[in-house]
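Fold and contact review
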Amino acid sequence: MPAHGKHRRPRRPVSRGIALVGTGGVALALPLIAPAVASAAPVSGAPDIAPKAITAPAAPVAAKAITKAPAAKAAARTYTVVSGDSLSLIAQKKGIQGGWKGLYRANQSVVGDNPSLIHPGLELTLHRNSVKATPAQAKKTASAERASRSERRSAAPAAATNTGASAAAPVAASAPVQAAPVAATQYANNLDGWIRQSLDIMAQRGIPGSYEGIHRNIMRESSGNPQAINLWDSNAVAGTPSKGLLQVIEPTFLAYHVPGTSTDLFDPVANITAACNYAADRYGSIDNVNGAY
């Protein structure tokens, strides 16, 4: 029979552990006591808190100021006058809309009251709005101007013709365009003076031409002799010899005579202006004539 004595419960081994509890940003270590049994359940009550990753807010990126550079203002072009230039020749070379008149209007303050007198070294402004005309446009404009002059010449004799017994209804005649009065200018009685006087008259009448173009053709045709006459060419054989500084025949002189000038074919100014008027109608300008015309 077993002996009587105190009955003791067997002690179970105790395992100690540490649980980490997060409180804000600080971790606390707490002791845990749990039975060391293989099949023991996990300790409950310890919160399963994962540490939070604290990310600093990104610094604000300064917005780039987008500055639009102001467009450079288009500067007007300029042209420096050289020897032999004229407003007509410059306007033709640079394709200025409105021709020499448009160029003169834009530069009247520097040119002065006489558009035919421009001196080498003078700086002219070629405005951007004077767009260069294409060759086709320039040709069309020149053709229109020639047609207009031809119509004016043909209209004059027709108006003077008597229509017979049945009188036509009266037609109101348009008032002639009068050139602006200019101060009286004294011209030398030589080739230089004749050319300059002719250029002033041509400017008032809208007839293109330059000093160089007129002088060059005079020297070829007559060597500067206002009494020169050709008695051997085909015109002479036909009975209408070429006469004067620019060797104009009588029918051409009468058809292209510029009002206000002498009716004498040998008169230097009348001869030059009539010849330049003819050349403008036939070739666009006396500047375009480089041989017999």
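Computed from a predicted model, the values in this text were never measured in an experiment. (Residues numbered from 1 in each chain as written. Predicted model: local features only at pLDDT ≥ 70, side-chain atom pairs only at ≥ 80, totals over all residues. Heavy atoms only, no water.)

1. Some remarks on the side chain of Ser-285
The residue Ser-285 is located in the segment after helix 8 (268–283) in this model. For Ser-285, the residues in contact, after removing those within four places along its chain, are Pro-208, Gly-209, Ala-279 and Ala-280. (Helix = DSSP H or I, 4+ residues; strand = E, 2+ residues; numbered from the N terminus. Contact = heavy atoms within 4.5 Å.)

2. A few points about the environment of Ile-96
Considering the arrangement of structural elements, one finds Ile-96 in the loop between helix 1 (87–94) and helix 2 (99–111). Judged by its relative accessible area of 9%, Ile-96 is buried. Linking Ile-96 and His-127, residues 31 residues apart in sequence, is a C-alpha distance of 9.0 Å. (Buried < 20%, exposed > 50% of the residue type's maximum accessible area, 1.4 Å probe, protein only.)

3. Quick word on helix 1
Three- or four-residue spacings in an α-helix give side chains the same orientation, since the helix completes a turn every 3.6 residues. Here helix 1 has its buried residues at Leu-87, Ser-88, Leu-89, Ile-90 and Ala-91. Taken together, the buried residues of helix 1 touch strand 3 (77–80), helix 2 and strand 4 (123–126). Immediately beyond the C-terminal end of helix 1, within one or two residues, lies Gly-95, with a positive phi of roughly 65°.

4. Details of the confidence of the model for the chain
Per-chain confidence: the chain averages 73 in pLDDT, with 55% of residues scoring 70 or above. Counting contacts from residues 60–67, a segment whose pLDDT is below 50, to residues more than four positions away or on other chains yields zero contacts. This model gives residues 158–169 a pLDDT under 50, and the stretch forms one contact once residues within four places in sequence are excluded. (pLDDT = per-residue confidence, 0-100.)

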